[in-house]
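This is what each chain is made of:
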Amino acid sequence: MDYLKFFTLIGDILEDVFNDEYVEEIYSTVVEDLRDIFNPKEIGIVEFKNGTCKFKASRGVSYTTIKDIHRKGCHPVFEYVMNKREIEVVKEGHPLYPTAFENPYVSLLVVPVVAKDAVRAIIFMSFDRDFELTEDLKQVFRIIANMVGVVIDYYYLKDLVDDLNNYDPLTGVANFKYFHEFLYREWLRARETNHPFTIALIHVTGIKECNDILGHVKGDELLKFVASIISGNVRSIDFVARYGGAKFVIVFPETEKADSLKYLNRIKEVFESSEWSKKTFPIWLDISVVSFPEDGEGEKELIAKLESRLVEAMRKKGSDIIYS
């Protein structure tokens, strides 16, 4: 083995982590460097999550194989390695040989990646030749697997920290800071593509009375309910955040103002048919809407107009969605 290339692989992984690349990019780096070193017929990394495995990076593996494994949830070879947790070469004489993917192989190297005392991923390479796994090579693959395991742990913890930084702990939707980061990216994209996007601001009027009469626990329940019906009645590509206090904001990418109204009307209808709108004191939703570029070319201009329209909506006490 060319140990210089092995050290290059280690350096490439560290560089990707330092540059804060997506974990999928790091998987691709590992796959590309290992392919350069060992020239396998097929190579890939599968990750285990919730009892199933998903391809995260691959070269030479057919789409049919990937689709079949995703459909079945796993593969006998991967299940075997997950349980045994050892680096092995599957070839003639092995109990799993010739259990294969779509294409046959002479030998198949499987390397478990252990993180938090569980097999979290598997690196595999298939060959149309006999692959000899020496003790030196086994040690090399242990080091690679350990590094990938550290990367998995790092990104797992990073995701947890990002969630703490980016999401409102009460309602579970994004927070005000994350909203502005998302809005900036969406504004850049829309400006470059000359495509529209729409923003809606929703205020829960009656939250103060709810807190005063029923208590803050019920007030929190009201906010969580509103967050849930907003999230449940928009598209997966739409962005929902708590704007602050009793206000929520929605960003509708690639959406004209008129197209956003059907989702906003649905949110109003769901709320108005709920028990919350039938309290002895009034609770309703005030909604304002702006669109890029129709209502402004800049972020600040759009937000100023959005808040101004919300004031108008609050004066009308939830009777209209103010969008002009």
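Everything that follows concerns the structure shown earlier in this document.
Residues numbered from 1 in each chain as written. Predicted model: local features only at pLDDT ≥ 70, side-chain atom pairs only at ≥ 80, totals over all residues. Heavy atoms only, no water.

K.L.:
Quick question: what am I supposed to make of the sheet that holds strand E2 (residues 52–59) here?
P.N.:
The pairing of strands in a sheet comes from backbone hydrogen bonds and takes either a parallel or an antiparallel form. The sheet built from 5 strands is open, its strands ordered E2-E1-E5-E4-E3 with antiparallel pairing. Edge positions in the sheet fall to E2 and strand E3 (88–91), since each of these pairs with one other strand and no more. Pairs of neighbouring strands in the sheet enclose a mean axial angle of 25 degrees, with direction left out of account. By the bridge criterion, 6 bridges tie strand E1 (residues 42–49) to strand E5 (residues 118–127) in an arrangement that is antiparallel. Paired with Ile45 across the strands is Ile123, a residue of E5. Contacts from helix H2 (residues 23–38) reach E1, E2 and E5, with the element oriented near 55 degrees to E2. (Pairing = 2+ DSSP bridges. Helix = DSSP H or I, 4+ residues; strand = E, 2+ residues; numbered from the N terminus. Axes fitted to C-alpha atoms, helices over the stretch in contact; angles between N-to-C directions. Contact = heavy atoms within 4.5 Å.)

K.L.:
Teacher, can you tell me more about the packing of H2 against helix H5 (residues 135–166) here?
P.N.:
At their nearest, the axes of H2 and H5 sit 10 Å apart, and the two run at 170 degrees to each other. By the angle class used here, H2 and H5 are roughly antiparallel. By crossing handedness, the relation of H2 to H5 is classed as right-handed. Listed contacts from H5 to Val23, Ile26, Tyr27, Val30, Leu34 and Phe38 of H2 are Leu137, Phe141, Ile144, Val148, Val151, Ile152 and Tyr155. A class-by-class count of the residues in the contact of H2 with H5 yields 13 nonpolar, no polar and no charged. (Parallel < 35°, antiparallel > 145°, perpendicular 65-115°, else oblique. Left-handed = near helix turned anticlockwise from the far one by under 90°. Nonpolar A, V, L, I, M, F, W, Y, C, P; charged D, E, K, R; others polar.)

K.L.:
Help me understand the pattern of salt bridges, please; the structure alone is not making it clear to me.
P.N.:
Oppositely charged side chains can form a pair if their charged atoms are brought close together. Tallying each qualifying case throughout the model produces 21 salt bridges. Of the charged contacts in the structure, one is a salt bridge between Asp153 and Arg120, with a shortest N-O distance of 3.8 Å. A residue pair is termed long-range when its members are at least 10 positions apart, and Asp153 in helix H5 and Arg120 in strand E5 qualify at 33 residues. Salt-bridge contacts for Asp295 lead to Arg309; the nearest nitrogen and oxygen are separated by 3.0 Å. Of this pair, Asp295 sits in the loop between strand E9 (284–292) and helix H10 (299–315) while Arg309 sits in helix H10, and the two are 14 residues apart along the sequence. With respect to burial, Asp295 and Arg309 carry one shared label: buried. (Salt bridge = Lys/Arg side-chain N within 4 Å of Asp/Glu carboxyl O. Buried < 20%, exposed > 50% of the residue type's maximum accessible area, 1.4 Å probe, protein only.)

K.L.:
Help me understand the packing of aromatic side chains in this model?
P.N.:
Given two aromatic rings, one states the distance between the centres and the angle between the planes to describe the pair. This model, assessed by the stated rule, comprises 17 aromatic pairs. Consider the rings of Phe38 and Phe131, whose centres lie 6.0 Å apart with planes at 70 degrees: the pair is edge-to-face. One end of the pair, Phe38, is in helix H2; the other, Phe131, is in the loop between E5 and H5, with 93 residues separating them in the sequence. Take Phe38 and Phe131: they sit in the same class, and that class is buried. Members of the aromatic cluster, joined through ring pairs, are Phe38, Phe127, Phe131 and Phe141. (Phe/Tyr/Trp six-rings, centres within 6.5 Å; stacked < 30°, edge-to-face > 60°.)

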